[in-house]
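Observations on chain architecture
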Amino acid sequence: MAQQQRWLRIIPVALLMYTISYVDRTNVSLALDPNISGMMRDLGMDPEMKGEAAGMFFLGYVLLQMAGGYMASHWSPRKLISLCLVGWGFCAMGCGLAQTFRQFEVVRFFLGMAESGVFPAMLVLLANWFPRAERARANGYWNLCQPLAVVASMPLTAWLLGRLGWRQMMIIEGILPFIWLPVWWLCIRDHPRAATWISAEERAFLEDRLRRETAQLEPVAAISLVARCCRPSVLLMVAIYFLHNCAAYGCMTFFTSGLNGHGFSTMAYGILFALPYAVTAVVMVINSWHSDKTHERRGHVAVVYLLSGMSLILSVSLSRHFWLSYAFLCMAIPGPFAAMAPFWAIPTETLPRGAAGPVMGLVNAFGNLGGFAGPFLAGRLTKLYHNTSISFDALGVGMVIAAVLSLWLPKAAADVSAGRMTAAEPPPAPGQPA
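The rules behind these values
Residues numbered from 1 in each chain as written. Predicted model: local features only at pLDDT ≥ 70, side-chain atom pairs only at ≥ 80, totals over all residues. Heavy atoms only, no water. Helix = DSSP H or I, 4+ residues; strand = E, 2+ residues; numbered from the N terminus. Expected span 1.5 Å × (residues − 1). Buried < 20%, exposed > 50% of the residue type's maximum accessible area, 1.4 Å probe, protein only. Arc of directions from axis to C-beta. Core = buried A, V, L, I, M, F, W, Y, C linked by side-chain atoms within 4.5 Å. Contact = heavy atoms within 4.5 Å. Phe/Tyr/Trp six-rings, centres within 6.5 Å; stacked < 30°, edge-to-face > 60°. Lys NZ or Arg CZ within 6 Å of the ring centre and 35° of its normal.

Right, let's get into helix 22 (residues 370-385). When the terminal C-alpha atoms of helix 22 are compared, their 21 Å separation across 16 residues agrees well with the 22 Å that a helix rising 1.5 Å per residue should span. When helix 22 is considered as a whole, its buried residues turn out to be Gly 370, Gly 371, Phe 372, Gly 374, Pro 375, Ala 378, Gly 379, Leu 381 and Thr 382. One or two steps after helix 22, the chain reaches His 386, where phi turns positive at roughly 65°.

Below is the structure:
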């Protein structure tokens, strides 16, 4: 029972917190569809400006990533995320108050900046609570928020757009961070030693296990943070994550374009948009579970990237057959999301604890520039060729390249000891030898 308390206490609260974040950053995908909302008309936008507006979030998102990782490692992920909840709530509501395209871009930029510390802080928090053998599952279950946010919110967002309009929709969904802030503050603690809701035996087990894993990663000679950030493996992670986000957000922004001309209602748009993300949630759970079971990370990243890239290319090739093309899109969307659990387990298993937070912030910051480049490139190509085929082909090729590059990611350090306990084992009973 003690083993389950961490999963039931930390993961659901974190998942819902980041689900709200993801809703506030992605509701623009439906709002920018001219068949669903009048936002593009109200702000005088064309398809290229649509991609720019959606991607502007990520130019702000890069700014505080390293600082967020550093503050989480050396101060408090719980307090940092609490501040972020307040900041992004105000900015999310501000998006609904914008009167011009430039105003909307500016508010989206600040929304990205307000959210930028959340992701590295959560990775640090999970590394404080879940040993190596559990880490991919912890990352995977937490990151379920991304597809689940789409599955749960897109039909609701579509309904709000139809009933109230895009401004009221963004303001209403921007209130959610303020509602969740008290729950986050009361339920989350930075370390097991600060939690009163687990047993003394469980607390001692976790602290000892995590301390041994941390000690194993400490170098014999000190290495500067700048030197660590310039290592080829870190630059490789940046390149992979850039391609990852190009596909994830490029597809999301222009996904509904492929639904046009088939007579779907606004609610049907929301459901068809959400369905691939329901598939994504299933693939994420399976991939993270198998990664922890086999203690392997790189292959689990490469396989889902390859599946995504090839499916995206096939969906374009079969675009004349709507439902077959849509089925391949359902297999293309999961790749970037399903790769996140094993991908983000790698830094915490190959870097000292003090360096992992800033390095993860660096990778997330520059990798998320793909969240701007993907929609912008897709918008430019869609405007030039008057369809999304070339855009999706380019994003699919990027995923195949990312799959190949993933095979050169670093391997995790050797396990803590030859006679190690796995993290799934319960702590020894009082009076028994460890």
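Back to the text.
A few words on helix 23 (residues 389-406). Under the 1.5 Å per step criterion, the end-to-end length of helix 23 is 26 Å for 18 residues, consistent within 8% with the ideal 26 Å. Along helix 23, the residues classified as buried are Ser 391, Phe 392, Leu 395, Gly 396, Gly 398, Met 399, Ala 402, Ala 403 and Ser 406. Projected onto a plane normal to the axis of helix 23, the buried residues spread over an arc of 155° and lie on a single side.

Let's shift gears to the nonpolar core. In this structure, Met 17 and Trp 184 are the most contacted members of the largest nonpolar core, which totals 118 residues. The biggest single contributor to this core is helix 15 (residues 232-254), with 13 residues. Among residues more than four places away in sequence, those in contact with Trp 184 are Val 13, Ala 14, Met 17, Pro 77, Arg 78, Ile 81, Ser 82, Leu 85, Met 122 and Leu 125.

This brings us to unusual backbone geometry. Despite not being glycine, His 295 has its phi angle at roughly 55°, a positive value. Note that His 295 resides in the loop between helix 16 (266-294) and helix 17 (298-317). For His 295, a relative accessible area of 43% translates into the label partly exposed.

Taken as a whole and assessed by the stated rule, the structure comprises 22 aromatic pairs. Centre to centre, the rings of Tyr 277 and Phe 337 are 5.9 Å apart; their planes meet at 75°, and the pair counts as edge-to-face. A residue pair is termed long-range when its members are at least 10 positions apart, and Tyr 277 in helix 16 and Phe 337 in helix 19 (residues 334-338) qualify at 60 residues. A relative accessible area of 0% means that Tyr 277 is categorised as buried. Judged by centre distance (5.2 Å) and plane angle (85°), the ring pair of Phe 343 and Trp 344 falls under edge-to-face. For the pair shown, Phe 343 and Trp 344 are each scored as buried. Between the NZ or CZ atom of Arg 25 and the centre of the ring of Tyr 61, over which it lies, the distance is 5.0 Å. If you follow Arg 78 out to its NZ or CZ, it ends over the ring of Trp 185, 3.7 Å from the centre.

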